[in-house]
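Each chain, written out:
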Amino acid sequence: MRIVAAKKLLKANDQLAEENRSRFNRSGVFVVNVVGSPGCGKTTLLEALFAKLATRLAPAVIEGDLASSIDAERIERLGIPVVQINTDGACHLDATMVAAAADGFDYDKLDLLVIENVGNLVCPAGFDLGEHLRIVILSVSEGDDKIAKYPTIFQKSHVLLITKTDLLKYSNFNVERAVADMKHLAPEAEIFQVSALAGYGMDDLADWLAAKCG
Ligand code: MG
Ligand code: ZN
C-alpha cells in the first residue's frame, strides 16, 4: 500500500511559495492573492479597481479557473497582461502553478501582480502562493454567516472585502455581524465595504492598495 502524506506535500508547496516570494521581491512587484466563492465578484472587483489605478500603477493578473478563459479575456480587454491557469478540476491554485504562470511577465514594467484564485472558500486557505497580501472577498449575496462557517480562509487573510454592498437594501446581510466575526478571527485585518458596480468604497480601496505597492 502506498500512502501519501499531505503534510509533506504542503511543506513542498511552502518552500516553492518562498521561492516565488523571493523572485517577486527581487522584481519589485507587489503580489496579491484574491480568494472567495464562485460568483462573489472577484473579476468584477478587479475590473473596477484597475480602472481606478490605471494612471498610478501597472498591474498584471494570473487567473485561476477549473476551465475556460472567460475571466482572462475580461482582463485582456483592459489591455492588462494576463495568464490563465486552467486547473483541470483542481479546486485551488498552488505555488507550482503560480511559478509556471509567473514566467510570462515582463517584471520591469510591473508594479502589481494579482492572482485571482479558483472560487472556493475551503482549500485555497492551505496554499501559500508566494503572495505578499491575501484578500478574501465576501459578497452580500452569500450571507453574513460565512465567516463563522469557513473560518480558516478568513483567519489567514490580511484584508476582508465585503462586496456588492449595493445589494444590502434587498438583503438581511448584517454588516456588523460580518465585521465582528472577522475581527474575532483576524484582529489585524483591514476591512473594506465596496460595490464595484455602484462604485461605493472603491476610491478608498484603490488608494490603500496603491500605497501598499509603494
Ligand atoms: Mg473570476
Ligand atoms: Zn482545492
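In the block above lies the structure referred to throughout.
Residues numbered from 1 in each chain as written. Chains lettered and ligands numbered in written order. Predicted model: local features only at pLDDT ≥ 70, side-chain atom pairs only at ≥ 80, totals over all residues. Heavy atoms only, no water.

A. Examining the nonpolar core more closely. Counting residues in hydrophobic clusters, the biggest one holds 32 residues, and the most contacted among them are Leu-112 and Leu-209. Looking at this core, the elements that each hand over two or more residues are strand E1 (30-36), helix H2 (42-53), helix H3 (70-76), strand E4 (112-116), strand E5 (133-139), strand E6 (159-163) and helix H8 (202-213). If near-sequence neighbours (up to four positions away) are discounted, Leu-112 is found in contact with Val-29, Phe-30, Val-32, Phe-50, Leu-53, Leu-57, Ala-58, Pro-59, Ala-60, Leu-209 and Cys-213. Grouped together as the second largest cluster of nonpolar side chains are 19 residues, Leu-138, Ile-147, Val-175 and Ala-178 included. (Core = buried A, V, L, I, M, F, W, Y, C linked by side-chain atoms within 4.5 Å. Buried < 20%, exposed > 50% of the residue type's maximum accessible area, 1.4 Å probe, protein only. Helix = DSSP H or I, 4+ residues; strand = E, 2+ residues; numbered from the N terminus. Contact = heavy atoms within 4.5 Å.)

B. Region of interest: the coordination of the zinc ion (ligand 2). At this site the zinc ion (ligand 2) is bound by Cys-91 (SG), His-92 (ND1) and Cys-123 (SG), with donor distances of 1.9 to 2.2 Å. Classification of His-92 by relative accessible area gives buried; the value is 14%. (Donors = N, O, S within 2.8 Å, 3.2 Å for Na, K, Ca; no water.)

C. Quick look at unusual backbone geometry. Positive phi outside glycine occurs at Asp-88, with the angle close to 55 degrees. Overall, the relative accessible area of 72% leaves Asp-88 in the exposed class. For Lys-164, which is not glycine, the phi dihedral falls at a positive 65 degrees. Structurally, the position occupied by Lys-164 is in the loop between E6 and helix H7 (175-185). Judged by its relative accessible area of 24%, Lys-164 is partly exposed.

D. Representation of the environment of Lys-146 in the model. Among the structural elements, Lys-146 can be located in helix H5 (residues 146-149). On the basis of relative accessibility, which here comes to 18%, the residue Lys-146 falls in the buried class. A sequence separation of 26 residues divides Lys-146 from Asn-172, and the C-alpha atoms of the two residues are 14 Å apart. Beyond its immediate sequence surroundings of up to four residues, Lys-146 is in contact with Leu-121, Leu-138 and Phe-154. Within the structure, Lys-146 has its side chain in polar contact with the side chain of Asp-145 (distance 2.6 Å). (Polar contact = N/O pair within 3.5 Å; in protein donor to acceptor, adjacent residues only side chain to side chain.)

E. Spatial organisation of the side chain of Ser-37. Mapped onto the elements of the fold, Ser-37 is located in the loop between E1 and H2. According to the relative accessible area criterion, Ser-37 is buried, its value standing at 12%. A distance of 2.7 Å separates a polar atom in the side chain of Ser-37 from a polar atom in the side chain of Glu-142. Not counting residues up to four positions away in its chain, the partners in contact with Ser-37 are Lys-42, Gly-119, Asn-120, Leu-121 and Glu-142.

F. Highlighting the environment of Ile-137. If you trace the backbone, Ile-137 turns up in strand E5. We classify Ile-137 as buried; its relative accessible area is 0%. Once the C-alpha coordinates of Ile-137 and Leu-78 are considered, the two residues, 59 residues apart in sequence, prove to be 22 Å apart. If we ignore the near neighbours within four places in the chain, the residues touching Ile-137 are Val-34, Val-35, Gly-36, Cys-40, Lys-42, Leu-45, Glu-142, Leu-161 and Thr-163.

G. A look at the sheet that holds strand E7 (residues 190-193). With parallel pairing, the seven strands of this open sheet are ordered in space as E3-E2-E4-E1-E5-E6-E7. The open sheet terminates on both sides in strands that have one partner only, identified here as strand E3 (82-86) and E7. Taken over all neighbouring pairs, the strand axes of this sheet differ in orientation by 20 degrees on average, direction set aside. Pairing analysis gives five bridges linking strand E2 (residues 59-65) to E4, with the strands arranged parallel. Of the residues in E4, the one forming a bridge with Pro-59 is Leu-112. Where H2 meets the sheet, it contacts E1, E2, E4, E5 and E6, and its direction lies at approximately 165 degrees from that of E4. Across the sheet, helix H4 (residues 95-102) is in contact with E2, E3 and E4; its angle to E3 comes to roughly 145 degrees. (Pairing = 2+ DSSP bridges. Axes fitted to C-alpha atoms, helices over the stretch in contact; angles between N-to-C directions.)

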